[in-house]
Structures are given as C-alpha cells and as structure tokens.
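# Breakdown of the fold
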Amino acid sequence: VHGGPDTMSDVMEVETSDHARLRLQLSYSWHFDVSHGDEEAARLAFNVPDFVMDSCKRIASRVRGAVAAETFDTFHKNSASIISTAVFGLDESGAPRTRLYFESNRLCITSIDVQNVECTDAKTRESLQKSVKLAIEITTASQEASARQYAEEREQQAKGELERQLLTDKADAERERKALLQMEAESRVIESTGSSKAEAKATAASRAIEGEAALTIARLKAEAKEITFATERATLEARRSAELKYQHAMDDLEIGREREMAAIEVGKFESAVGSIGANTIAAMAQAGPEMQAKLLKGLGLEGYMLTDGNSPVNLFNAANSLVGGGATQN
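Residues numbered from 1 in each chain as written. Predicted model: local features only at pLDDT ≥ 70, side-chain atom pairs only at ≥ 80, totals over all residues. Heavy atoms only, no water.

## Some remarks on a nonpolar patch on the surface
Let me state the cut-off plainly: Like charges within 9 Å and nonpolar side chains (Val, Leu, Ile, Met, Phe, Trp, Tyr) within 5 Å are joined into patches, using only residues over 30% in relative accessible area that form no salt bridge. Calculation of accessible area relied on Shrake-Rupley with a 1.4 Å probe; when residues are assessed, cover is drawn exclusively from the protein chains displayed. Here, a salt bridge means any side-chain nitrogen of Lys or Arg that lies within 4 Å of a carboxyl oxygen of Asp or Glu. Numbering of helices and strands starts at the N terminus; helices are DSSP runs of H or I of at least 4 residues and strands are runs of E of at least 2. Throughout this description, buried means an accessible area under 20% of the type-specific maximum (1.4 Å probe, protein chains only), exposed means over 50%, and partly exposed covers the range between.
A contiguous nonpolar patch, built from Tyr 246, Met 250 and Leu 253 and spanning about 330 Å² of accessible area, is present on the exposed surface. By secondary structure assignment, the location of Met 250 is in helix α6 (residues 194-276). Residue class for Met 250 comes out partly exposed when judged on its relative accessible area of 36%.

Right, dumping it as structure tokens:
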C-alpha cells in the first residue's frame, strides 16, 4: 500500500572501531506489504503510530553496530555494502537479502541510499581531508605515471617501427640495386654475344630449313616410289587378269573343239556301224585275223575292241595291243 511518500531520511552519528566519529545521512525506500482488500493487514499497518521514528531507530541501531566493528579506512572504502548488509542481513546461503520486513506493522524497507558521510571531529575531518587529498595525489601521480609510461611505450614502439621500416626500406633498396646490377650485367653479356648468338641462330635456322627440305624431298621420293609401285602392281595385275581370261577363253575354245571332234568321230563311227550292221560286226568278230584285217581295211579301221559290261578290260593293255596291232599290220 502506498499511502503517501515512499522514502524517508535519517541522520545518525556512528563511531568506528578506531574511534572515528562520523555523521551519516541515509535515505530509505519503503512500503506496507498489504494486499488490496485485506482489512486485517490494513489494521496492522496502524499498530505503530510513529513507524518512521521506530524504523529509523531500529535501522540506526543496526548501522551503528556494523560500523563499530569496522575501521575507518575499511568503512570509508565499503560504506554502502557494510550499511546494506547491516540493515538487510544475510540469508541462509550467505547472500545479502533485498528487503527488511517489520512484522508489527508489515512495513518493508526495500533499499538504502547513503547520501552523505562526514566526520564530526575536526581532527578526524582534517585527517580525512588530508587522506583524501593524499589519495587524490597518489591517484593523480599514478595516472600520470601510467600515462607517461604509456606515452614512452608508444614512443618506443613508434621508434621501433620506424627503425624496422628503415631497415626494410634499406633491404628493399639493396635488393633493387642488386637486381639492377644483374640486369646491367646481362645487358652487357647480351651486347657482347649478340652477333655470335645471331649467327648461331641463323646457322641453326638454315640447318633446320635444309633438314626440313631434305625431309620433304625424301617424303616426296617415297610417295613417288609408292605411286610407281602401285602403278606397276596394278599393271601387272591387269596383265595377269587379261592373260588368265585369254587362257580361259582358249581353254574353252579347245574344249569346244575337242567336243565337236569327238562328236564328229562318234557320229562317223555310229554311221559306219549302222551301215555295216550288227550281223556283219558279229561275223567279223567270229572271222579270223585275216578276215578281220580285210574287214577293217574295208571299213577304214585299223583296229577295234568288243566288250560287254560283265568282262572288265584293262584299258592300258588294250591300248598297247591296239597300237601294237596297228604297227604290225602296217
């Protein structure tokens, strides 16, 4: 419940363990832990008529007890945390709590602000001022020393980078000078050996042209020989083909002629046999050699041979006998 201002302030005097007396001005944020419609809790909020004075006394008591256990220097450095821990306390885990609750009237203190800390004793105030001044001087000197050290460090770094850059530039310049000298030497070598190189290149080019020409001539000669060989082979094949055809034609003519002569002889023989007759031939076979000779002479035959299919005849011996018989008769 927020029934008016939610902050209150208090001024108290405390004393540290080393007997330094201080005046503290603290400010507290507060509210009543009462839900809307909870009349019983609302009545409890009015149980303490002057809750501001009551709460300030109780808080001041806690603060005095906490400050009395600390030295001035410790309290001066950690005043906010010491006062907050003294007012709110610690939970079971040792962590500081976030509020102070008064069950009598359900008042909750949620925060503490240390607005002012001053010494009540003149000597202590003077010592504090000197201490603060000395601390400021020490801090200032420390900052100046840090700044000076940083500036010197930056200066040394800059000098180092400058020297390194100078060395790098010198190395690059030396490298370029070396490259220039090498190029000049190569140029002089080229100038001194230019003519010989040109002559050597010309000679090499001439020999290359001569070699290519010789190679071309050899290739053309080989092609000419191949063409000549192919022509001769084609001519020979054509000649052989023509001779073969001529020989085949002559053989065919000879075979035809022999067949015609054989047909003529067969016809002539058949005509002779037909004119003589089968009986005459049988008589001739039965007649003696002289009669056979006469008959053969009359028929114009030099010899004859009669056989049937049941009596095989040796044609070689028969031919010899016929030839021999003809020679005898002649």
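From this point, things continue past the structure.
## Focus on the pattern of salt bridges
Going through the model one piece at a time under the given rule, you end up with 12 salt bridges. One salt bridge in this structure joins Arg 21 and Glu 13, with 3.3 Å as the shortest N-O distance. Classification of Arg 21 as partly exposed rests on a relative accessible area of 37%. By relative accessible area, Glu 13 is classed as partly exposed at 34%. In this structure, the salt-bridge partner of Arg 23 is Glu 13, at a minimum N-O distance of 3.3 Å.

## Looking at the pairing of strand β1 (residues 7-15)
For the record, the criterion: Here, a strand pair is defined by DSSP locating no fewer than two bridges between the strands.
On β1, burial follows the alternation: Met 8, Asp 10, Met 12 and Val 14 on one face are buried, whereas Thr 7, Ser 9, Val 11, Glu 13 and Glu 15 on the facing-out side are not. Sheet topology places β1 next to strand β2 (residues 21-32); 9 bridges connect them, and they run antiparallel. Bridged to Glu 13 within β2 is Arg 23. Linking β1 to β2, which pair antiparallel, is a turn of 5 residues; within it His 19 sits at a positive phi near 65°.

## Details of helix α2 (residues 51-68)
We count it as follows: In a helix, the anticipated span is given by 1.5 Å times the number of residues less one. Here the arc refers to the directions that run from the helix axis out to each C-beta atom. Only heavy atoms matter for contacts: two residues are in contact if any of them lie within 4.5 Å across the pair.
A rise of 1.5 Å per residue sets the reference length of α2, with its 18 residues, at 26 Å; its end C-alpha atoms lie 26 Å apart and thus fit the reference within 8%. By the burial criterion, the buried members of α2 are Phe 51, Ser 55, Cys 56, Ile 59, Ala 60, Val 63 and Val 67. One face of α2 carries all of its buried residues, which in axial projection span an arc of 150°. Lining the buried residues of α2 we find β1, β2, α3 (72-77), α4 (79-88), β3 (100-102) and β4 (107-119).

## Details of the sheet that holds β4
The line we're drawing: For helices, the fitted line uses only the C-alpha atoms of the stretch in contact; every axis is such a line through C-alpha atoms, and the angle between N-to-C directions lies from 0 to 180 degrees.
If you walk across this open sheet you meet the 4 strands as β1-β2-β4-β3, and the pairing is antiparallel. Of all the strands in the sheet, just β1 and β3 have a single pairing partner and so form its edges. Sheet twist, expressed as the mean angle between neighbouring strand axes with direction ignored, is 35°. The strands that α2 touches are β1, β2, β3 and β4; relative to β1, the one it contacts most, it runs at about 35°. The strands that α4 touches are β2, β3 and β4; relative to β4, the one it contacts most, it runs at about 145°.

## Regarding the pairing of β2
Where β2 and β4 come together, 11 bridges link them in antiparallel fashion. Each bridged residue has a counterpart across the sheet, and for Leu 24 the counterpart in β4 is Val 117.

## Describing the side chain of Asp 10
Here is the rule we go by: In this charge count, Lys and Arg are treated as positive and Asp and Glu as negative; neither His nor the chain ends contribute.
You can see Asp 10 is positioned in strand β1. Comment: no salt bridge for buried Asp 10; closest opposite-charge side chain is Arg 64, at 6.5 Å. Here Asp 10 is in contact with Leu 24, Gln 25, Leu 26, Tyr 28, Cys 56 and Ala 60, once residues within four sequence places are set aside.

## Re the side chain of Asn 105
Relative to the helices and strands, Asn 105 resides in the loop between β3 and β4. Classification of Asn 105 by relative accessible area gives buried; the value is 3%. Each residue touching Asn 105, except ones within four places of it in the same chain, is listed here: Phe 32, Leu 44, Ala 45, Val 48 and Phe 51.

## Description of α4
What α4 keeps buried is the set Ser 79, Ile 82, Ile 83, Ala 86, Val 87 and Phe 88. Backbone geometry just after α4 places Gly 89 at a positive phi near 80°.

## Topic: the nonpolar core
Put simply, the rule reads: To qualify as a nonpolar core, a set must consist of buried Ala, Val, Leu, Ile, Met, Phe, Trp, Tyr and Cys residues joined through side-chain atoms within 4.5 Å.
Counting residues in hydrophobic clusters, the biggest one holds 31 residues, and the most contacted among them are Met 12, Leu 24, Tyr 28, Val 63 and Ile 109. Residue assignment for this core shows that the elements contributing at least two residues are β1, β2, α2, α3, α4, β3 and β4.

## Regarding the packing of aromatic side chains
We count it as follows: Stacked, edge-to-face and tilted are the three classes for Phe, Tyr and Trp ring pairs, Trp counted by its six-membered ring, which pair at centre distances within 6.5 Å; planes under 30 degrees apart are stacked, over 60 edge-to-face, the rest tilted.
Here the structure, examined in full by the defined rule, presents 3 aromatic pairs. Geometrically, the ring pair formed by Trp 30 and Phe 32 is edge-to-face, given 5.6 Å between the ring centres and 80° between the ring planes. Of the two residues, Trp 30 and Phe 32, both sit in the buried class. Pairwise contacts between aromatic rings join Trp 30, Phe 32 and Phe 51 into one cluster.

## A few points about unusual backbone geometry
For His 19, which is not glycine, the phi dihedral falls at a positive 65°. Tracing the backbone through its elements, the reader meets His 19 in the loop between β1 and β2. Here His 19 falls in the exposed class, since its relative accessible area comes to 60%. With a phi angle near 60°, Arg 106 is a residue other than glycine that sits in the positive phi range. As for its placement among the helices and strands, Arg 106 is situated in the loop between β3 and β4.

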